There are 2 protein chains.
Amino acid sequence: MTITLSQIRPGAYYDSVVLMQLQKGLAALPGVADAGVVMGTAANQALLKESDLLLPEATAARPDDLLIVVRAESEALAASALAQVDSLLQKRRGQPGSSQGTGPGDWPAYRPRSLVAALKALPAAQWVLVSLPGRYAASVAQEALNLGRHVFLYSDNVALADEVALKHEARQKGLLVMGPDCGTAIVNGVGLGFANRVRRGWIGLVGASGTGLQAITSHIHNLGGGVSQAIGTGGRDLKAEVGGVTAHQSLDLLARDEATQVIILVSKPPAPEVAARLLAAAQAVGKPVVLYFIGQPPPGRQIGNVTFATSLREAAELAVTGNWQLVRDNDQSPITNYLLPGFVRGLFSGGTLAYEAVVGLQAVLAPLYTNVPITEAQRLPDSLRSQAHAILDLGADEFTVGRLHPMMDNDLRLRKLRQEAADPDVSLILLDVVLGEGAHPDPAAELAPAVAQALASRGSADAAQLECVVIVVGTDDDPQGLTGQVERLAQAGATVFRSVDEAVDHVARRFAHPVKDAHPPVNLDTLRAPLAAVNVGLEMFYDSLIAQGAAAVQVEWRPPAGGNEKLMALLAKMKRPMD
Amino acid sequence: MTITLSQIRPGAYYDSVVLMQLQKGLAALPGVADAGVVMGTAANQALLKESDLLLPEATAARPDDLLIVVRAESEALAASALAQVDSLLQKRRGQPGSSQGTGPGDWPAYRPRSLVAALKALPAAQWVLVSLPGRYAASVAQEALNLGRHVFLYSDNVALADEVALKHEARQKGLLVMGPDCGTAIVNGVGLGFANRVRRGWIGLVGASGTGLQAITSHIHNLGGGVSQAIGTGGRDLKAEVGGVTAHQSLDLLARDEATQVIILVSKPPAPEVAARLLAAAQAVGKPVVLYFIGQPPPGRQIGNVTFATSLREAAELAVTGNWQLVRDNDQSPITNYLLPGFVRGLFSGGTLAYEAVVGLQAVLAPLYTNVPITEAQRLPDSLRSQAHAILDLGADEFTVGRLHPMMDNDLRLRKLRQEAADPDVSLILLDVVLGEGAHPDPAAELAPAVAQALASRGSADAAQLECVVIVVGTDDDPQGLTGQVERLAQAGATVFRSVDEAVDHVARRFAHPVKDAHPPVNLDTLRAPLAAVNVGLEMFYDSLIAQGAAAVQVEWRPPAGGNEKLMALLAKMKRPMD
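Residues numbered from 1 in each chain as written. Chains lettered and ligands numbered in written order. Predicted model: local features only at pLDDT ≥ 70, side-chain atom pairs only at ≥ 80, totals over all residues. Heavy atoms only, no water.

Peer 1: Can you break down the interface of chain A and chain B residue by residue, with the values?
Peer 2: Buried accessible area, meaning the area lost when the parts come together, often serves as the stated size of an interface. With 107 residues of chain A at the interface, the matching set in chain B holds 107 residues. Carbon and sulfur atoms make up 52% of the surface buried where chain A meets chain B, a total of about 8,600 Å² over both sides. Among the residues chain A hides against chain B, the three largest losses belong to A:Glu50, A:Arg197 and A:Glu437. Together they make up 9% of the total. If you look at where chain A meets chain B, you find 16 salt bridges. The salt bridge partner of A:Arg415 is B:Asp34, with a shortest N-O separation of 2.7 Å. Inspection of the region where chain A meets chain B yields 59 residue pairs in polar contact (both at pLDDT 80 or more). Here the side of chain A that touches chain B gets nine residues from one element, more than from any other, and that element is helix α8 (residues 210–222) of chain A. (Contact = heavy atoms within 4.5 Å. Buried area = accessible area lost by both parts, 1.4 Å probe. Salt bridge = Lys/Arg side-chain N within 4 Å of Asp/Glu carboxyl O. Polar contact = N/O pair within 3.5 Å; in protein donor to acceptor, adjacent residues only side chain to side chain. Helix = DSSP H or I, 4+ residues; strand = E, 2+ residues; numbered from the N terminus.)

Below you can see the structure in the form of structure tokens.
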């Protein structure tokens with residue numbers, strides 16, 4: 001038989017380490033079976049319930065309240081435990097060093113209570129690390145930007161709107177905001193937040209994924225390679241709302257960083273248009289890039305200088321062991337010195353070829369529509385009417401009622417080809433030709449003149465206006481004669497490939513429009529100067545900086561206005577420079 | 001100035017080749033600008049409209065009606081063209097040979113009008129090829145099964161329920177139904193439907209994707225390899241409703257076929273549970289398998305004998321050039337001779353590690369739930385309550401309000417670990433341990449005893465009851481001491497891996513439950529005997545069989561009851577053997 005007692009402390013602010021240690025302290029008291037010390041969120045209450053620690057009266061706790069629960073062998077023991085909460089909190093605060101004990105020894109003599117004071121103590125600090133609870137984090141990050149410092153924002157539960165505002169302001173100032181929810185970075189050999197100790201080397205990383213960066217950097221080290229820089233962006237950076245601000249800044253930094261010879265980009269699947277822009281930027285860095293969008297089908301093995309990985313471990317392997325000279329030598333597509341505006345329209349006879357083209361092109365073209373969608377957002381509202389970039393499978397059921405398959409009958413494709421060529425917004429038409437038994441005996445005889453006519457209709461003087469790309473699937477034994485088919489299509493002006501992925505690679509290069517960034521670049525010295533940082537929040541991150549030989553100052557932070565949110569907002573307004 | 005006239009012929013049946021040729025015939029008449037000959041479906045009407053060929057009166061045409069439209073320079077010329085429809089149809093029917101002209105010469109003297117008669121003429125025919133319009137196709141396929149023949153069902157627009165019924169019946173009889181909407185197969189060196197002419201060799205294929213098979217077999221040939229058999233399943237075979245009946249039969253056939261040394265499986269993304277069963281079956285074939293689920297992120301590069309490709313071309317390359325001896329040598333996971341029932345529960349501290357585990361395990365475990373879903377169907381309704389196979393990211397925002405991240409504080413994971421171990425339906429618990437700066441100074445000190453306790457709680461005598469798998473991410477320079485951490489976890493009884501994909505590979509093997517199929521196997525002689533077939537539908541497929549040296553008979557098919565659907569259903573009922 002046990003008795004459970006609880007206590008609610010409204011609006012109290014405590015460091016999460018303090019809460020963890022209080023919980024451990026309570027659980028270790030005589031007669032105490034279990035204890036819980038959490039903020040009163042619904043999720044935390046549910047977790048207490050799972051451990052049989054949630055009393056009916058405790059459900060009154062609000063998210064900002066501290067909720068303390070003790071289950072003990074008797075009511076007296078439980079009450080006694082609760083009575084020791086304050087002394088346990090005091091005890092913790094009086095202890096020298098931090099929980100990890102990796103600090104430089106005793107409790108430092110001086111702990112500034114503000115960012116401004118901390119930066120006066122350590123003016124060389126380029127970085128401010130913020131690991132406060134989410135509701136306090138954005139305003140401290142904002143203050144750091146105001147003071148001209150880069151931000152490593154570990155905190156989660158930060159509003160998306162705050163992230164957007166912080167990153168837009170940082171970009172204007174040539175500053176980086178890693179995060180929120182950025183777990184990991186390695187800057188100039190020093191790990192920020194959670195970071196493995198790895199050899200320095202020539203592989204630079206950008207990651208919207210904390211443990212993704214940790215796993216890859218660890219694998220790189222374990223494979224004998226080394227890391228130049230590892231920049232975290234926070235998990236939401238590649239969402240449409242944020243637009244990959246930090247990822248683009250980071251990619252640009254690593255492109256300019258001479259110590260970085262290969263770049264690894266890792267993220268959960270980005271928003272399609274963000275992914276397309278980032279891939280275009282990656283194609284333009286002039287260095288080999290390994291890209292791993294976790295959970296997204298790769299568009300093939302390689303597009304230009306970008307190789308696609310299928311696991312964290314493989315990303316590391318490709319970067320460490322990849323034969324990059326080979327990548328550059330293979331880079332021989334008939335690319336010309338212009339980039340295509342306008343849209344791609346695919347007119348396929350082969351359903352799987354259309355589908356594989358969508359898999360590949362969705363990584364580089366946005367928005368992309370099709371009647372063979374991979375995600376519902378890609379579904380063409382009307383299969384008969386192309387819009388934006390569009391891939392049509394003309395062999396789909398809706399087109400073949402009482403009509404021969406387009407592999408046998410080119411009529412529908414010829415009509416569509418004329419229509420697309422007449423659309424001035426279309427700059428590339430993608431076709432497939434599938435040879436073999438059962439298929440049209442001579443598709444080039446019908447398609448080649450149509451391609452020539454389509455190209456001519458757009459003014460042969462300026463070839464940039466329209467390009468026809470044809471994927472020819474077949475063998476030298478096929479009855480149509482592979483060589484002759486390819487030659488006639490090429491003579492008509494088509495760019496001919498023999499597989500979908502080669503065609504995707506070609507289209508990806510032609511449509512790669514790296515956005516010219518008018519914002520000031522982040523100063524490369526950020527990565528090169530000995531790391532110095534101010535830490536606001538979890539002391540273990542301060543300890544870790546010191547242990548790694550970096551210069552660091554810990555801010556003895558307390559919530560402004562005692563945690564009163566209205567007053568906090570007012571204070572923040574007063575601090576912000578005039579717009 | 002042109003005039004458009006149209007004609008509707010209610011409920012008329014014509015071969016699509018006839019319709020194509022009628023359209024070409026009309027368009028070639030003097031003064032005719034364009035012509036359309038289609039069945040009156042909404043899609044076809046819309047296509048006519050795009051070519052400016054849809055008159056208001058023509059919109060009255062129903063899907064079963066033949067719609068003939070002519071646009072000419074004058075009304076007289078248009079009317080004259082329409083008046084020639086019957087003679088054009090007659091002319092076509094009177095021509096010797098077929099459109100492709102690849103047949104053996106003249107129109108054959110005898111053309112049976114029924115399947116029964118055709119099989120009397122060619123009793124050796126193991127195959128019936130059906131390429132009739134969808135609404136007629138299922139009953140002919142059913143008749144072929146009744147007569148003990150395998151079916152190659154090219155037709156699309158066949159009802160899903162008919163597909164399910166046909167395949168279930170075929171399986172009972174040890175027969176194959178390729179299709180509906182099966183474009184391609186190569187059986188014993190002879191292409192059915194659309195098929196490229198490729199070298200014979202030791203690579204066998206199973207594809208729910210027609211042009212996928214064509215592209216891969218062509219690439220194989222072009223790379224110098226060869227094909228033993230290529231079996232099409234139809235695009236819907238791997239949907240949940242059909243359950244991959246044909247794919248499983250085909251995989252089993254190729255497993256038993258001595259000429260096949262490597263198997264390639266290709267499909268658009270299957271239903272999750274079908275994918276898991278198929279992958280389990282692929283793991284059990286005892287031959288190297290290359291698997292390409294187009295548009296689905298691969299669960300890594302390799303699971304046991306199964307290598308995952310990322311493009312049609314790469315699938316061919318892997319099969320032709322893959323070092324299969326190497327695959328077998330690497331196959332050294334600590335697999336024991338039992339397979340696990342029950343569920344996998346993942347308790348992760350690293351969000352990306354959890355996510356990559358979901359990417360990998362979704363291919364092998366179904367249903368799989370998680371708070372870091374890739375598809376919405378995977379979303380765990382309540383993050384606090386595991387169900388079925390479940391992967392939890394305990395570092396997700398909902399768990400870290402006022403609580404330290406699980407990389408620093410193991411309390412939540414230890415509680416969850418005890419809960420999962422107490423659930424008798426759980427047979428494998430998957431954990432990660434992330435070392436490095438900022439993380440817990442000694443995670444093994446807390447996790448190893450908990451693992452040992454969890455294993456002991458389930459009875460150490462029968463180790464099959466519970467397994468703990470731990471992924472340790474870190475380097476030999478990390479402050480926690482990598483070797484010591486790994487050793488203590490292993491000593492506690494955990495199976496330790498150093499990357500997510502190795503752990504996924506391990507779990508995939510442990511949960512591979514190839515379903516024992518109680519149905520009669522398909523006779524291997526099906527693939528070995530010289531191909532003989534009856535063709536019902538498009539004559540070009542008959543021509544192609546003859547051109548390839550196969551024995552074939554073309555059925556001079558006409559719809560039963562003149563196409564009257566009610567009468568057809570009645571006739572079909574009378575023909576079917578008593579149940």
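Peer 1: Just give me the short version of the environment of B:Leu254, but keep the residues and values in it.
Peer 2: All names here are of chain B. Position of Leu254 among the secondary structure elements: in helix α9 (residues 245–256). For Leu254, a relative accessible area of 0% puts it in the buried group. Linking Leu254 and Thr4, residues 250 residues apart in sequence, is a C-alpha distance of 55 Å. Excluding residues within four positions of it along the chain, Leu254 makes contact with Gly204, Leu205, Val206, Gln229, Ile231, Thr260, Ile263 and Lys287. (Buried < 20%, exposed > 50% of the residue type's maximum accessible area, 1.4 Å probe, protein only.)

Peer 1: Before we move on, could you go through the sheet that holds strand β15 (residues 343–348) of chain B and cite the residues and values that matter?
Peer 2: Residues and elements named next belong to chain B. Taken in spatial order, the six strands line up as β16-β17-β15-β18-β19-β20 in an open sheet, and their pairing is parallel. The sheet is open, and its two edges are formed by β16 (368–370) and β20 (495–497), each paired on a single side. Taking each pair of neighbouring strands and ignoring which way they run, the sheet shows an average axis angle of 15°. Sheet analysis places β15 next to strand β18 (residues 426–434), joined by five bridges and oriented parallel. (Pairing = 2+ DSSP bridges. Axes fitted to C-alpha atoms, helices over the stretch in contact; angles between N-to-C directions.)

Peer 1: Tell me about the sheet that holds strand β22 (residues 551–555) of chain B, residues and numbers included.
Peer 2: The strands making up a sheet associate through hydrogen bonds between their backbones, and the pairing can be parallel or antiparallel. Residue and element names in this part refer to chain B. Taken in spatial order, the five strands of this open sheet run β6-β5-β4-β21-β22, and their pairing is parallel. Because the sheet does not close on itself, it has two edges, and the strands there are β6 (177–178) and β22. Here four bridges tie strand β4 (residues 127–130) to strand β5 (residues 150–153), and the two strands are oriented parallel to one another. The partner of Val130 across the bridge, within β5, is Leu153. Packed on one face of the sheet, helix α19 (residues 539–547) meets β4, β21 (532–536) and β22 and runs near 165° to β22.

Peer 1: Give me the lowdown on the side chain of B:Arg345, citing residues and values where you can.
Peer 2: Residue and element names in this part refer to chain B. Here Arg345 is to be found in strand β15. A polar side-chain atom of Arg345 sits 2.9 Å from the main-chain carbonyl oxygen of Ala388. A distance of 3.3 Å separates polar atoms of two side chains, one belonging to Arg345 and the other to Asp423. Excluding anything up to four places from it in sequence, Arg345 contacts Ser386, Gln387, Ala388, Ala390, Glu420, Asp423, Val426, Leu428, Ile429 and Leu430.

Peer 1: Kindly report on the environment of A:Gly235, identifying the contributing residues and their values.
Peer 2: Residue and element names in this part refer to chain A. With respect to the helices and strands, the residue Gly235 is situated in the loop between β10 (227–232) and α9 (245–256). Each C-alpha atom of the pair Gly235 and Ser209 lies 5.6 Å from the other, and the pair is 26 residues apart in sequence. Those residues in contact with Gly235 that lie beyond four places of it in its chain are Pro180, Asp181 and Ala208.

Peer 1: So what's going on with the packing of aromatic side chains? Residues and values would help.
Peer 2: A complete count under the given rule lists eight aromatic pairs over all chains for this structure. Ring plane angle 75° and centroid distance 5.7 Å describe the contact between A:Tyr154 and A:Phe194, whose orientation is recorded as edge-to-face. One end of the pair, A:Tyr154, is in the loop between β5 (150–153) and α7 (160–172); the other, A:Phe194, is in the loop between β8 (190–193) and β9 (200–207), and 40 residues separate them in sequence. Summarising the burial analysis for this pair, A:Tyr154 and A:Phe194 share the class buried. Ring plane angle 80° and centroid distance 5.7 Å describe the contact between B:Phe194 and B:Phe541, whose orientation is recorded as edge-to-face. Taken together, the positions of B:Phe194 in the loop between β8 (190–193) and β9 (200–207) and B:Phe541 in helix α19 put the pair 347 residues apart, joining distant regions of the chain. Of the two residues examined, B:Phe194 and B:Phe541, each falls in the buried class. A network of ring pairs unites the aromatic residues A:Tyr154, A:Phe194 and A:Phe541 as a single cluster. Over the ring of A:Tyr542 we find A:Arg111; its NZ or CZ atom is 5.6 Å from the centre of that ring. Lying across the ring of A:Tyr355, B:Lys268 places its NZ or CZ 4.6 Å from the centre. (Phe/Tyr/Trp six-rings, centres within 6.5 Å; stacked < 30°, edge-to-face > 60°. Lys NZ or Arg CZ within 6 Å of the ring centre and 35° of its normal.)

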